[in-house]
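Take a look at the letters that make up each chain.
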Amino acid sequence: MHRTLYDSEHESFRKAFRTFLDRRAVPFIEKWEEAGTPDREFIREAGESGFLGFELDPELGGLGIDDFRYNAIMTEEVVAANIAADLFSMQNDIILPYLRDLTTDEQRQRWHPPFAAGNLVVSLGMTEPEAGSDLAAIKTTARRDGDMLVLNGSKTFITSGATCDLAIVLTRTGERDGRGTTFVAVEAGTPGFERGRPMHKIGRKGQDTAELFFDDCRVPVSNIIGEPGRGFGAAVGNLPRERLSIAVSGVASARHALTLGLEHLTQRIAFGEPLADMQSIRMMLAHLHIETDILETYIDRCVLALNDGQLTAEEAAGVKAKATDLQWEVVDQVLQYFGGYGYMEETPIARIWRDARIQRIYGGANEVMLDLVGRRLVARR
Ligand SMILES: Cc1cc2nc3c(=O)[nH]c(=O)nc-3n(C[C@H](O)[C@H](O)[C@H](O)COP(=O)(O)OP(=O)(O)OC[C@H]3O[C@@H](n4cnc5c(N)ncnc54)[C@H](O)[C@@H]3O)c2cc1C
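Residues numbered from 1 in each chain as written. Predicted model: local features only at pLDDT ≥ 70, side-chain atom pairs only at ≥ 80, totals over all residues. Heavy atoms only, no water.

1. Some thoughts on helix 6 (residues 105-116)
Taking 1.5 Å per residue, 12 residues should reach 16 Å; helix 6 reaches 16 Å between its end C-alpha atoms and fits that length. Looking at the buried positions of helix 6, the neighbouring elements they touch are helix 3 (40-48), helix 5 (86-101), strand 1 (122-125), strand 4 (166-172), strand 5 (181-187) and strand 8 (224-225). A positive backbone phi angle near 80 degrees is found at Gly118, which sits one or two residues after helix 6. (Helix = DSSP H or I, 4+ residues; strand = E, 2+ residues; numbered from the N terminus. Expected span 1.5 Å × (residues − 1). Contact = heavy atoms within 4.5 Å.)

2. Some thoughts on the site of the ligand
Around the ligand sit 18 residues, and of these Thr127, Ser133, Phe157, Thr159 and Glu367 come closest. Contact between the ligand and Ser133: an oxygen atom at 2.7 Å from a side-chain N or O atom of the residue. Contacts to the ligand include Glu367, whose side-chain N or O atom sits 2.8 Å from an oxygen atom. At the level of secondary structure, the elements contributing two or more residues to the shell around the ligand comprise strand 3 (148-159) and helix 11 (366-380). It is strand 3 that contributes the most residues to the shell around the ligand, 3 residues altogether. (Near = heavy atom within 4 Å. Polar contact = N/O pair within 3.5 Å; in protein donor to acceptor, adjacent residues only side chain to side chain.)

3. A few points about the pairing of strand 7 (residues 209-220)
Residues in a regular strand point their side chains to alternate faces of the sheet. Inspection of the sheet shows strand 3 paired to strand 7 by 9 bridges, in the antiparallel sense. Paired with Val150 across the bridge in strand 7 is Arg218. Bridge count between strand 6 (residues 193-195) and strand 7: 3 bridges; the pairing is antiparallel. Counterpart to Glu194 in the pairing with strand 7 is Phe213. (Pairing = 2+ DSSP bridges.)

4. With respect to helix 8 (residues 279-307)
Because an α-helix packs 3.6 residues into every turn, residues spaced three or four apart end up facing the same way. The terminal C-alpha atoms of helix 8, which comprises 29 residues, lie 42 Å apart, in line with the 42 Å expected from a rise of 1.5 Å per residue. Positioned one or two residues after helix 8, Gly309 has a phi angle of 70 degrees, which is positive.

5. Quick notes on the packing of aromatic side chains
Taken as a whole and judged by the stated rule, the model has 13 aromatic pairs. Ring centres of Phe42 and Phe88 lie 5.9 Å apart, and the angle between their planes is 85 degrees; this geometry places the pair in the edge-to-face category. Linking Phe42 in helix 3 with Phe88 in helix 5, this pair joins segments that are 46 residues apart in sequence. The residues Phe42 and Phe88 share a single accessibility class, namely buried. When the ring of Phe193 is compared with that of Phe214, the centres are 5.1 Å apart and the planes differ by 5 degrees; the resulting orientation is stacked. Of the two residues, Phe193 is situated in strand 6 and Phe214 in strand 7; the sequence distance between them amounts to 21 residues. The two residues Phe193 and Phe214 agree in class, both being buried. Through successive ring pairs, a cluster of aromatic residues spans Phe13, Phe17, Phe20, Trp32, Phe42, Phe51, Phe54, Tyr70 and Phe88. Note that Arg357 overlies the ring of Trp328, its terminal NZ or CZ placed 5.5 Å from the centroid. (Phe/Tyr/Trp six-rings, centres within 6.5 Å; stacked < 30°, edge-to-face > 60°. Buried < 20%, exposed > 50% of the residue type's maximum accessible area, 1.4 Å probe, protein only. Lys NZ or Arg CZ within 6 Å of the ring centre and 35° of its normal.)

6. With respect to the pattern of salt bridges
Within the structure shown, the criterion is met by 35 salt bridges. For Glu76, the salt bridge identified is with Arg14, shortest N-O distance 3.0 Å. Note that Glu76 is positioned in helix 4 (residues 68-81) and Arg14 in helix 1 (residues 8-24), a separation of 62 residues in sequence. For Arg14, a relative accessible area of 11% corresponds to the buried category. Of the charged contacts in the structure, one is a salt bridge between Arg351 and Glu33, with a shortest N-O distance of 3.3 Å. Separated by 318 residues along the polypeptide, Arg351 in helix 10 (residues 348-356) and Glu33 in helix 2 (residues 29-35) bring together distant segments of the chain. Under the relative-accessibility criterion, Arg351 is labelled buried at 12%. Exposure remark for Glu33: the relative accessible area of 17% places this residue in the buried category. (Salt bridge = Lys/Arg side-chain N within 4 Å of Asp/Glu carboxyl O.)

All we've got here are geometric facts, nothing functional implied.
Written out as structure tokens, the structure reads:
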């Protein structure tokens with residue numbers, strides 16, 4: 001279906017970002033996958049080119065562009081380049097609202113310019129070894145000691161955790177009821193703060209994911225992000241945007257896989273004809289194509305709703321679950337259509353497949369998403 005989400009300015013931006021990725025990312029993906037992280041020069045160039053923190057105030061290094069369609073375009077292009085560079089969605093879609101909306105003037109002066117310049121990679125540490133879906137169970141503490149906070153505990157599975165310059169960490173500062181949590185920013189190099197090595201993942205290998213450790217780590221209270229004691233509420237407020245970002249990437253990945261699948265099926269001959277000439281295959285392709293088209297149209301609506309401040313928590317949760325379930329269905333089926341070639345690393349669908357699996361787990365496991373939607377439905381009765 002013809003999309004009406006983007007205008008010509010968005011499409012020019014898409015072209016510029018695609019050119020940047022083709023030149024600075026695509027040739028290096030194997031190297032980054034080996035290192036477990038993208039290189040810093042790439043991140044700095046992305047900042048210089050205006051691809052990081054563009055929503056921030058121009059006086060502090062941003063471009064003052066507050067339009068999630070640009071974020072969506074970047075996600076689509078990262079997917080089309082098949083590089084799983086979570087850096088952009090992490091920094092622009094997930095971290096940015098914390099830095100923009102919850103910070104003091106002093107913090108903005110400190111962090112916005114280097115963030116937009118690609119000199120400050122920020123991670124968001126919420127998950128702990130014993131608290132993932134149930135975030136209210138976090139145990140990392142931040143105890144007040146005069147003008148300082150003393151952090152103890154650990155985080156796990158943190159995107160950019162091994163390479164971040166600043167970690168925004170959800171800590172326990174009160175009782176376990178959701179109101180006793182506070183976000184604290186911890187700079188790399190602070191005594192008592194250790195970043196783990198990139199974890200060995202089955203996918204998204206070019207992006208580091210790591211543990212963070214805090215051992216009597218002292219940070220000034222001026223590093224508190226947002227209202228003390230209200231960290232959980234702030235996280236919940238930002239989750240719809242994070243989940244929509246995952247949904248955009250899910251449907252883009254499904255679309256990309258379908259394109260590759262169709263190309264293969266029309267060329268691969270078996271039993272004397274192209275695989276695409278088999279009715280059962282055409283019917284499956286049609287089913288996946290229709291589902292993708294319908295979902296893309298709905299996601300485009302969600303992007304506009306987010307721009308208007310109208311996207312609800314349940315809409316975002318629902319679309320995250322639906323898009324990533326569909327992504328998995330499509331990507332797995334397309335790999336099947338590639339046969340043995342699909343299982344080989346050099347075939348693009350192989351990377352798409354292994355990079356796709358986590359999408360149904362992070363940002364809130366899909367079961368938790370469905371439960372959230374279901375609970376709201378029941379509560380409204
Ligand atoms: C590559 C990667 C990147 C990540 N990046 C970050 C990051 O940057 N920051 C961060 O804080 N976290 C990050 N995470 C963590 C991620 O958000 C968690 O893994 C996710 O929330 C699930 O938590 P868990 O792993 O503890 O699983 P658990 O909470 O133990 O859940 C395990 C499974 O149980 C089921 N389940 C759980 N609860 C329910 C329920 N209520 N109803 C039904 N079934 C349920 C689901 O199937 C779920 O997958 C990342 C994880 C990975 C792997």
